[in-house]
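Per-entry structural report
Residue-level listing of the chains:
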Amino acid sequence: MTEEKSFDLVIIGAGPGGYSAAVRASQLGLKAVCVEKHRNPGGTCLNVGCIPSKALLYSSELYSITRQNLSLHGILVGDLKLDLDVMMARKDKVVSELTAQVKKLLEANRVGIIHGTATVKGENRVEVKGNDGTKHILNSRFILLATGSIPSSIQGLEFDEKKIVSSTGALKFSEAPRRLGIIGGGYIGLELGSVWQRLGSEVTVIEMLPQIASGLDGQIGRALKRALGKQGISFLLKTRVTHADKTQKGVKLTIVTEDKEETREFDKVLVAVGRKPLSNELGLEETGVKTDRETGHVIIGPDFRTSVASIYAAGDLVHGPMLAHKASAEGKAAVEAMAGTFSDINYDTMPHIIYTSPEVAAAGITEEQAKERKIPYAAASYPFSGNGRARCTEQTEGLVKIISHSRTDRILGVHMIGHGVSEIIPEAVLAMESGASSEDIARIIHGHPTFSETLMEAAAALQRLIKK
Ligand code: FAD
Ligand code: NAI
């Protein structure tokens, strides 16, 4: 059966980029439809990314606190047991509730979802091979490509999602692997490494660079490595995997650290070496949509338009950090550009968060970038150990660091490591967006006792430095 319909906008992919664009399109009066090949909307983020990982991070942290830290508060727990099936079922429930919410959101905005795989067949035409066998021909004034990304693999370590897994496999182990090897010390390696270390695995992170999470401010990166190391995660830096053999028990890796070669055996290996844009199945070449030949990203201009005027792209599919909030901001801005309204995204203040314990949250430039760009700057930090609330809750690890322009005091970057800093970073983002100075933050009255006072104290420390 073939169905043919016409729209103002066809969106391919119902992840954060696609579904946010769909809602904005409806608000702006465009007749839109989403095509999604997965049975549920929400994309990588809701189904196999942000949401299930954060659900497991929370559950595993509760387990770890109960096992190790409750006695500090005089709470003694008897025979503590882990029921991983229940933990996984809760995670799955959170995912299904949130994807159902996205479905309802699209319905409420009168945006339909066609379940199937879309290909672009022309500048105003999309064909969908429906999951139920129906073929759909969709004619549209605009097309938005929002197909996201997939995990990158390493040659010789192809995913079987049993012994060699991607993040998707590592979100559903049926038991904690005794020895978990993780290739890549980035976001996924550190977050999922934390989950499984807390649940009992011996975790080794193999990272080719000299530091983990390499984009972080150096001081924060070093503090994170120390904190995770103390929890029991082992790091092999400047290390590459040169060979892998599957064994009966697991996977034997040959690794080279600088010039030293050795083998290590793991029960499971998580390969988390980045993700690549999913652009090759869309028929873009035939339509004239240009992609970056090296990376596969769809190339767009500042208005999110590709090399074909009616076709736009957003999210992980285009260059920039692969983050859900970046995807949704771009999806909305792309639709606003189609509708001819003003749209602008300030990537310079976009927050980056790693949901380990302690959490890391950052926005703006790092101290290393300030030096490299020869910007005159001043930097100061304040430790959570000096914060009253942190002391009350025994969450004293970490610090807040502020970097501001040494002549104007305009805030250039804020970098935090500590409990709950993901909820403090928006204050720094708002300050930077508003062109605030560190003096502004130092003078704003913060509630007491709160973790956010550490940001105020770091700003006050910076004031003392600048005014010396
Ligand atoms: P996606 O979410 O990947 O959505 C693309 C959608 O397009 C998918 O549903 C896919 O099925 C569909 N699709 C693809 N091709 C077709 C086709 N031909 N036809 C029809 N449909 C198609 N980001 C954060 O900001 N915070 C986090 O905490 C975070 N945690 C993460 C944890 C993990 C384990 C992973 C893997 C990622 C995480 N991310 C996080 C990244 C985040 O998930 C992505 O940046 C975000 O999902 C990108 O959104 P998107 O809409 O561009 O693409
Ligand atoms: P990543 O880019 O964060 O980290 C990959 C790491 O692997 C890097 O440190 C890199 O140097 C290392 N690496 C690459 N090749 C290697 C090799 N052959 N051997 C050893 N190390 C190697 O990528 P990751 O962790 O896979 O995550 C993908 C993306 O998903 C992230 O970049 C991020 O955008 C997103 N994400 C975001 C989260 C968040 O916002 N909290 C959480 C999880 C994922």
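Up top is the structure.
Fair warning: this is a prediction, and the values are worked out from it, not measured in the lab. (Residues numbered from 1 in each chain as written. Chains lettered and ligands numbered in written order. Predicted model: local features only at pLDDT ≥ 70, side-chain atom pairs only at ≥ 80, totals over all residues. Heavy atoms only, no water.)

**Some remarks on the site of ligand 1**
Neighbouring ligand 1 are 37 residues, the closest being Gly17, Glu36, Thr44, Lys54 and Ala324. Within the backbone of Pro16, one N or O atom sits 3.4 Å away from an oxygen atom of ligand 1. Within the complex, 93% of the 1000 Å² of free accessible area of ligand 1 lies under protein. At the level of elements, helix H1 (16-27), strand S2 (32-36), helix H2 (43-48), helix H3 (50-68), strand S3 (112-122) and helix H9 (324-338) are the ones that each hand at least two residues to the shell around ligand 1. Among the elements that line the shell around ligand 1, the one with the most residues is H2, at four residues. Across the shell around ligand 1, the residue classes break down as 17 nonpolar, 15 polar and five charged. (Near = heavy atom within 4 Å. Polar contact = N/O pair within 3.5 Å; in protein donor to acceptor, adjacent residues only side chain to side chain. Areas by Shrake-Rupley, 256 points an atom, 1.4 Å probe, with all protein chains shown as cover. Helix = DSSP H or I, 4+ residues; strand = E, 2+ residues; numbered from the N terminus. Nonpolar A, V, L, I, M, F, W, Y, C, P; charged D, E, K, R; others polar.)

**Some words on the site of ligand 2**
Not every one of the 21 residues close to ligand 2 is listed here, only the nearest: Glu191, Glu207, Gly274, Met322 and Ile353. In this structure, Tyr187 approaches ligand 2 through a main-chain N or O atom, which is 3.1 Å from an oxygen atom. At 2.8 Å from a nitrogen atom of ligand 2 is found a side-chain nitrogen or oxygen belonging to Glu191. Considered on its own, ligand 2 offers 840 Å² of accessible surface; in the complex 80% of this is hidden by protein.

**Considerations on empty space enclosed by the protein**
Taken as a whole and assessed by the stated rule, the structure comprises one cavity of 30 Å³ or more. Reported here for the largest cavity is a volume of approximately 40 Å³. Together, Pro151, Ser152, Phe159, Ser167, Ile188, Val271, Ala272, Val273, Gly274 and Arg275 line the largest cavity. Across the lining of the largest cavity, the residue classes break down as six nonpolar, three polar and one charged. (1 Å grid on protein atoms, 1.4 Å probe; cavity = no way out; pocket = protein on both sides within 12 Å on 5 of 7 lines; lining within 4 Å. Points joined across faces, edges and corners; volume = space filled by probe spheres on them.)

**Here we look at the environment of Ile150**
You can see Ile150 is positioned in strand S6 (residues 149-151). Taking the C-alpha atoms as reference points, Ile150 and Gly274, 124 residues apart in sequence, are found 8.8 Å from one another. What Ile150 contacts, discounting residues up to four positions off in sequence, is Arg275, Lys276 and Leu278. (Contact = heavy atoms within 4.5 Å.)

**Considering the sheet that holds strand S9 (residues 202-206)**
Strand order in the open sheet formed by five strands is S7-S14-S8-S9-S10, with parallel pairing between adjacent strands. Strands with a single pairing partner mark the edges of an open sheet, and in this sheet they are strand S7 (164-165) and strand S10 (234-236). Direction of pairing for strand S8 (residues 179-183) relative to strand S14 (residues 268-271): parallel, over a ladder of four bridges. The partner of Ile183 across the bridge, within S14, is Val271. (Pairing = 2+ DSSP bridges.)

**A few points about the nonpolar core**
Ranked by size, the top nonpolar core spans 35 residues in total, and within it Trp196, Leu224, Phe235 and Leu270 carry the most contacts. Counting residues per element, the ones that place at least two in this core are H3, helix H4 (84-108), S8, helix H6 (187-198), S9 and helix H7 (218-231). Filtering out sequence-adjacent residues up to four positions away, Trp196 remains in contact with Leu84, Met88, Ala170, Phe173, Glu175, Ala176, Pro177, Leu180, Ser201 and Val203. (Core = buried A, V, L, I, M, F, W, Y, C linked by side-chain atoms within 4.5 Å. Buried < 20%, exposed > 50% of the residue type's maximum accessible area, 1.4 Å probe, protein only.)

**As for the layout of surface pockets**
There is about 890 Å³ of room inside the second largest pocket. As for the second largest pocket, its lining consists of 30 residues, and the residues nearest its centre are Glu61, Ile65, Asn69, Ser357 and Gln395. For the lining of the second largest pocket, the elements supplying multiple residues, two or more each, are H3, H6 and H7. The greatest single-element share of the lining of the second largest pocket, amounting to nine residues, is contributed by H3. Taken together, the residues of the lining of the second largest pocket sort by class into eight nonpolar, 14 polar and eight charged.

**Quick notes on the pattern of salt bridges**
Summed over all chains, the structure comprises 19 salt bridges. Two residues, Lys260 and Glu262, come together in a salt bridge whose shortest N-O distance is 3.9 Å. We classify Lys260 as exposed; its relative accessible area is 53%. Among the ionic pairs, Glu439 bridges to Arg443, the shortest N-O distance being 2.8 Å. Taken together, the positions of Glu439 and Arg443, both in helix H13 (residues 438-443) and four residues apart, correspond to about one turn of that helix. (Salt bridge = Lys/Arg side-chain N within 4 Å of Asp/Glu carboxyl O.)

**A look at H9**
With 15 residues, H9 ought to run about 21 Å at 1.5 Å a step, and its terminal C-alpha atoms sit 21 Å apart, in line with that. Most of H9 is tucked away: 11 of the 15 residues are buried. Along H9, the residues classified as buried are Lys326, Ala327, Ser328, Glu330, Gly331, Ala333, Ala334, Val335, Glu336, Ala337 and Met338. On its buried face, H9 is in contact with strand S1 (2-12), H1, strand S5 (135-145) and strand S16 (311-313). (Expected span 1.5 Å × (residues − 1).)

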